[in-house]
Amino acid sequence: MAIDPEFEQNREIVDEHEGHDVWGPVEEPDELGIHGTHVAVDFDLCIADGACLEDCPVDVFEWVDSPDHPESEIKADPAEEAQCIDCMLCVDVCPVDAIDVDAGRAGRT
Ligand code: SF4
């Protein structure tokens, strides 16, 4: 399974976290939704591999704790999504296809 690139149509914004939107459903600790809009990370797919944090040239991602989530106890949060330069490295390196990047979404939230 990969992140749904149509999540804007298929999900609702249910929260805000560190300046970015959270797209539901969210039911902690098992279900955490998608964080971010321009740079979107499906927290329910993220296994905390860390390649995105290592490879992003502008340090968009930060670890956040996700205790008791079935996939991983930390998640790659797109904390600085406004810095994204759309290089697509994170999309390419994510082993579980948890990330989608689309600058066209950025201004619509
Ligand atoms: S597309 Fe590139 S700049 Fe944007 S978050 Fe991913 S790795 Fe960082």
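Cut-off values and rules
- Residues numbered from 1 in each chain as written.
- Predicted model: local features only at pLDDT ≥ 70, side-chain atom pairs only at ≥ 80, totals over all residues.
- UniProt positions renumbered as here; feature names shortened; annotations may be inferred.
- Helix = DSSP H or I, 4+ residues; strand = E, 2+ residues; numbered from the N terminus.
- Buried ≥ 20, exposed ≤ 12 C-beta atoms within 10 Å, placed from the backbone.
- Contact = placed C-beta atoms within 7 Å.

If you check an unreviewed UniProt entry, the protein appears there as Zinc-containing ferredoxin from Halococcus salifodinae DSM 8989. Recorded in UniProt for the protein, the comment headed Function (unreviewed entry) runs: "Ferredoxins are iron-sulfur proteins that transfer electrons in a wide variety of metabolic reactions."

A.B. asks: Now, about the UniProt feature "binding site: Zn(2+)" (unreviewed entry) in the protein: what can you tell me, with residues and values included?
C.D. replies: Mapped onto this numbering, the UniProt entry gives "binding site: Zn(2+)" (unreviewed entry) at His-17, His-20, His-35 and Asp-77. Their sequence span is 61 residues, while the largest C-alpha to C-alpha distance among them is just 9.5 Å; these annotated residues converge on one region. Position of His-20 among the secondary structure elements: in strand β2 (residues 20-23). What makes His-20 buried here is the crowd of 21 C-beta atoms within 10 Å. In contact with His-20, not counting residues within four places along its chain, are His-35, Gly-36, Thr-37, Pro-78 and Glu-81. The class for His-35 is buried, based on 26 C-beta atoms found within 10 Å. Ignoring sequence-local partners within four residues, the contact set of His-35 consists of His-17, His-20, Val-22, Val-41, Phe-43, Asp-77 and Pro-78.

A.B. asks: Tell me about the environment of Glu-16, residues and numbers included.
C.D. replies: For Glu-16, the position within the fold is in strand β1 (residues 13-17). In contact with Glu-16, other than residues within four places in its own chain, are Asp-21 and Val-22.

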